[in-house]
Amino acid sequence: MNASPSTKELKMRNNLKHTIRVGLDKNPDFFKPLAQRLEELLKQKKEQRITETQLLLAYAGLVDEIVEEQQASESKGFNTDQKKAVYTSMKTIFGDGAEDATHTLYDLISGELNIIGWENKSRVQKDIENKIKRYLRSKLDNVEAKQKAKDLLDILIKNKDA
């Protein structure tokens, strides 16, 4: 069955919105820019500044970017959602050195992550946060490192089963 372009657009838009909404909570550094681009595309459509064909191509580009990010993370050995999300966050800080930085970070906190129920133990969480903060101080000032450590701890908790 061949769907009309407007039906295809609606399906793609809804699928993208859902994927981004779910992803924003678990991997905000990757999905937030995608959400902003999707909103901009929807705004352009509403103002009739973009054709349906251009919109479908832009949607396909967003989907490709999501798939490519997943594949790139997996090719570097980050095969869980948690590790992919941490790697994405580390890319915003370390750029090309993010792969090594992510492995180093996991080496630093692996003991705490192996504690059963670590996500419910405030002392263990504080230890994880402090280790992350100390590591991030090599690239960020103390205030930024503290905030990013909190953000990364939040990502670790939200993706604990992944």
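Since we're looking at a predicted model, the values are computed, not measured. (Residues numbered from 1 in each chain as written. Predicted model: local features only at pLDDT ≥ 70, side-chain atom pairs only at ≥ 80, totals over all residues. Heavy atoms only, no water.)

Asker: Would you explain the packing of helix H6 (residues 122-136) against helix H7 (residues 142-158) in this entry?
Answerer: Axes are the key here: two packed helices are described by the angle between their axes and the distance separating the axes. Closest axis-to-axis distance for the H6/H7 pair is 8 Å, and the angle between their directions is 135°. If you check the angle between H6 and H7, you find them oblique. Crossing geometry of H6 relative to H7 is assigned as right-handed. Seen from H6, the contacting residues are Gln-125, Ile-128, Glu-129, Ile-132, Lys-133 and Leu-136; seen from H7, they are Asn-142, Ala-145, Lys-146, Lys-148, Ala-149, Lys-150, Leu-152, Leu-153, Leu-156 and Ile-157. Partitioned by chemical class, the residues of the contact of H6 with H7 number nine nonpolar, two polar and five charged. (Axes fitted to C-alpha atoms, helices over the stretch in contact; angles between N-to-C directions. Helix = DSSP H or I, 4+ residues; strand = E, 2+ residues; numbered from the N terminus. Parallel < 35°, antiparallel > 145°, perpendicular 65-115°, else oblique. Left-handed = near helix turned anticlockwise from the far one by under 90°. Contact = heavy atoms within 4.5 Å. Nonpolar A, V, L, I, M, F, W, Y, C, P; charged D, E, K, R; others polar.)

Asker: What am I meant to see in the nonpolar core here?
Answerer: A general feature of soluble globular proteins is that nonpolar side chains tend to end up buried together. Within the largest apolar cluster, 26 residues are counted, with the highest numbers of intra-cluster contacts made by Met-90, Ile-128, Ile-132 and Leu-136. Of all the elements in the fold, those that place two or more residues in this core are helix H4 (81-94), helix H5 (98-113), H6 and H7. Filtering out sequence-adjacent residues up to four positions away, Leu-136 remains in contact with Met-90, Ile-93, Phe-94, Ala-145, Lys-148, Ala-149 and Leu-152. Among the nonpolar cores identified, the runner-up in size contains 14 residues, and Leu-16, Leu-34, Ile-50 and Leu-62 belong to it. (Core = buried A, V, L, I, M, F, W, Y, C linked by side-chain atoms within 4.5 Å. Buried < 20%, exposed > 50% of the residue type's maximum accessible area, 1.4 Å probe, protein only.)

Asker: Whenever I open this one, the packing of H4 against H5 confuses me. Can you help?
Answerer: Contact geometry for H4 and H5: axes closest at 8 Å, N-to-C directions at 125°. By the angle between their axes, H4 is oblique relative to H5. In terms of crossing hand, the pair formed by H4 and H5 is right-handed. Every residue of H5 that contacts H4 at Gln-82, Lys-83, Val-86, Tyr-87, Met-90, Lys-91 and Phe-94 is listed here: Ala-98, Glu-99, Ala-101, Thr-102, Leu-105 and Tyr-106. Along the lines of polarity and charge, the residues of the contact of H4 with H5 split into eight nonpolar, two polar and three charged.

Asker: Mind showing me how you'd approach H5 here?
Answerer: Side chains three or four residues apart in an α-helix point the same way, a direct result of the helix having 3.6 residues per turn. The largest bend in H5 is about 40°, located at Asp-107. Among all positions of H5, only Ala-98, Ala-101, Thr-102, Leu-105, Tyr-106, Ile-109, Glu-112 and Leu-113 are buried. Of the surrounding elements, those touching the buried residues of H5 are H4, H6 and H7. (Bend = angle between axes of the 7 residues up to and from the residue.)

Asker: Please explain unusual backbone geometry as it appears in this structure.
Answerer: One non-glycine residue, Gln-48, adopts positive backbone phi at about 55°. If you trace the backbone, Gln-48 turns up in the loop between helix H2 (28-46) and helix H3 (52-75).

Asker: What should I look at first to understand the side chain of Glu-112 in this one?
Answerer: Position of Glu-112 relative to the elements: it lies in helix H5. Apart from the residues within four sequence positions on either side, Glu-112 is in contact with Trp-118, Val-124, Asp-127, Ile-128 and Lys-131.

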